[in-house]
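Each chain, written out:
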Amino acid sequence: MITRRRFLGQSALLTAGAYAHPNLGQTKQIRPHVVPPVIPNIDPDSLTAFVDPLPIPPVARPVERRAAPDGSGAHVPYYRVSMRAISQKLHRDLPPTTLWCCGPSAPGLLFETRGGEGQLIEWVNDLPAKHFLPIDHSLDGAGKNLPEVRGVVHLHGGRTPSASDGYPEDWYVPGQSRTFYYPNRQDATLLWYHDHAMGINRLNIYAGLFGLYIIRDAVEDSLNLPSGKYEIPLILMDRNFRPDGQLSYPVSANPERPWVPEVFGDAQLVNFRLRPYLDVEPRRYRFRILNGANGRFYFLSLSNGAEMHQIGTDQGLLPAPLALKSLELAPAERADVIIDFAPFRGAKIQLMSQPFQLLQFRVGSSPVSDPSSLPAALRPVPRIPESSAVRTRRLTLDESLNMVAESMGMLLNKTPWRAPITEKPVLNTTEIWELVNLTEDVHPIHVHLVRFQILDRRRFDPFDYITAGKLRFTTPVIPPEPSELGWKDTIRAYSRTITRIIIPFTPYAGRYVWHCHILEHEDNEMMRPFEVLPVGSPG
Ligand SMILES: [Cu+2]
């Protein structure tokens, strides 16, 4: 039973993790009902900041070339990636940490490819038989009857045929592998690959099973952006550590149901190092940034207040560079950012997220020449007319609470994972999805296969909606933020807000999923299948 008082009373449970939106005001997250560990986690402030250099992910090398499975007769690079347990130091003064990794070290292998050039990747499960993080066997797809260690890789943002998309139930166990085909017929951008196994993917990703995947193309080549050693991938992530250096994942008070609704690490890591540093020359750099955290939102800024220029978002380049001093990134969102260090010779500048120091840039003191550019125009992103949509779906984001207002789980459209597929767009048609967020959380919603655009947002009164089915708006229509005017694959659905996105369903028919990218939500029912029907199907 939802009362207006319950809505208001939740403010007592809110954490300091407040989310600012320029037009939507503050929305907040509900405090996870986490039990403190018996031995307290390491206080990351006890570890000296900026003593370790930023690691750069190693680039994957193909084993050979093999025939593409699309019948084209083309031979494409074939990679073999071992998912395995490793032990690695994440800070100078921290003992080595056990991680699960896609490749020999963390961060996992970085894939570099070009638009239209397909590749085959064999993902080999070489993991141990036992999991080292707390499985909740009460979650759907994580029952005690199933093997503890399971994995399946999804390429986030990839336009991938269904059979290679990493459906959550298509997991496999140690000793097995799957070879997936990635056609890469899409614009230059930064994608990322990560585990997607049903009911445990929050644990597998926390353990380290993810990495970056860069697609390049001629448009990007023509822009003369900083490249080579001046293009740096940054994976933002937070973790908790036990005093012995091992990962600590929070649990609830119920040993039969250890799931917690959200995880925030005390320790801030970039590329699997606690608060590292990066020596830079006084010139332009291009940073390819991923929010790889389970649940943390980042609000990036530079400690000296300097401007950054965002040039791209999830699915590629923006129409034009966007000067900004603060950049919000929800879990799974990416940003392509240029920072010019030329005015800051000899300075030390921290990359911040609100009070947290993430990374220190140490700018060289000798002047250098900088042949790179920051062009005024990047890549046109024509707006999709609303009139092109053949259908509008209204889909709610829901949360269930127990008697003491602790979260029991989230749902999409009040429908559990196991229910029959309800969203069946037809291939090569365009739909509008209205994400009606009835919860107190911001949910980053990701739709597999497609790229989409945000139309607008508008706040409403969820009490009236839940009790009377009435949509009473409390603000005017709010246009997308400038940084959202590129192609997206993950969108922030703010609390008590309808977020409208327009989605061309292309280029493949088949079964996919859409879900919240707060991984604890995704693992507890905030995920649904959808099916793209073949051309000509009745919609
Ligand atoms: Cu969520």
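Notes on the structure follow. On a predicted model such as this, the values are computed, not experimentally measured, just so you know. (Residues numbered from 1 in each chain as written. Predicted model: local features only at pLDDT ≥ 70, side-chain atom pairs only at ≥ 80, totals over all residues. Heavy atoms only, no water.)

Okay, the coordination of the copper ion next. Coordination of the copper ion by the protein is provided by His443 (ND1), Cys516 (SG) and His521 (ND1), with metal-donor distances spanning 2.0 to 2.1 Å. All donors of the copper ion belong to a single chain; written as a sequence motif, their spacing is H-x72-C-x4-H. Taken as a pair, His443 in strand 28 (residues 443-447) and His521 in helix 5 (residues 519-523) lie far apart in primary sequence, 78 residues in all. One exposure class covers both His443 and His521, and it is buried. (Donors = N, O, S within 2.8 Å, 3.2 Å for Na, K, Ca; no water. Helix = DSSP H or I, 4+ residues; strand = E, 2+ residues; numbered from the N terminus. Buried < 20%, exposed > 50% of the residue type's maximum accessible area, 1.4 Å probe, protein only.)

The next thing to look at is the sheet that holds strand 28. Strand order in the open sheet made by the four strands is 30-28-32-33, with antiparallel pairing throughout. Among the strands making up the open sheet, the edge pair consists of strand 30 (490-493) and strand 33 (527-532). Averaged over neighbouring strand pairs, the angle between their axes works out to 25 degrees when direction is ignored. Where strand 28 and strand 32 (residues 510-516) come together, three bridges link them in antiparallel fashion. The residue of strand 32 that forms the bridge with Val447 is Trp514. (Pairing = 2+ DSSP bridges. Axes fitted to C-alpha atoms, helices over the stretch in contact; angles between N-to-C directions.)

Quick look at the sheet that holds strand 11 (residues 210-216) now. Taken in spatial order, the four strands make up an open sheet running 6-11-10-8, and their pairing is mixed. Both edges of this open sheet fall to strand 6 (111-114) and strand 8 (153-156), since each of them pairs with a single strand only. Pairwise comparison of adjacent strand axes, ignoring direction, gives a mean angle of 25 degrees for this sheet. Both strand 6 and strand 11 contribute to a ladder of four bridges, which runs parallel. Bridge pairing links Glu112 to Ile214 in strand 11.

To continue, consider the pattern of salt bridges. All told, the structure shown has 44 salt bridges when counted by the stated rule. Asp523 serves as the salt-bridge partner of Arg202, at 2.8 Å between the closest nitrogen and oxygen. Here Arg202 is found in helix 2 (residues 201-207), whereas its partner Asp523 is found in helix 5, with 321 residues between them in sequence. For the pair Arg202 and Asp523, a shared accessibility class is recorded, and that class is buried. With a closest N to O distance of 3.9 Å, Glu484 and Arg492 form a salt bridge. Arg492 gets classed as buried once you look at its relative accessible area, which sits at 2%. Shared partners join several salt bridges into a network, and the residues in it are Asp314, Glu328, Glu333, Arg334, Arg457, Glu481, Glu484, Lys488, Asp489 and Arg492. (Salt bridge = Lys/Arg side-chain N within 4 Å of Asp/Glu carboxyl O.)

By the criterion of burial, strand 18 (residues 298-302) is predominantly enclosed, with five of the five residues buried. Alternating residues of strand 18 divide into Tyr298, Leu300 and Leu302 and Phe299 and Ser301, and every residue in both groups is buried. In the sheet, strand 18 pairs with strand 21 (residues 327-329) via three bridges, with the strands oriented antiparallel. Across the sheet, the residue bridging to Tyr298 is Leu329, located in strand 21. Relative to strand 23 (residues 348-353), strand 18 runs antiparallel, the two being bridged by three bridges. Bridged to Leu300 within strand 23 is Ser353.

Below, the discussion takes up the packing of aromatic side chains. To describe a pair of aromatic rings, you give the distance between the ring centres and the angle between the ring planes. The final tally for this structure, using the stated rule, is 23 aromatic pairs. Aromatic side chains Tyr230 and Tyr285 sit 5.4 Å apart centroid to centroid with 75 degrees between the ring planes, which places their arrangement in the edge-to-face category. Placement of the pair is Tyr230 in the loop between helix 3 (218-221) and strand 12 (231-241) and Tyr285 in strand 17 (residues 284-291), with a sequence separation of 55 residues. Tyr285 shares its class with Tyr230; the two are buried. Among the aromatic residues, those joined into a ring-pair cluster are Tyr79, Phe111, Trp123, Tyr182, Tyr193 and Tyr213. Between Arg66 and the ring centre of Tyr78, over which it is positioned, the NZ or CZ distance is 3.6 Å. (Phe/Tyr/Trp six-rings, centres within 6.5 Å; stacked < 30°, edge-to-face > 60°. Lys NZ or Arg CZ within 6 Å of the ring centre and 35° of its normal.)

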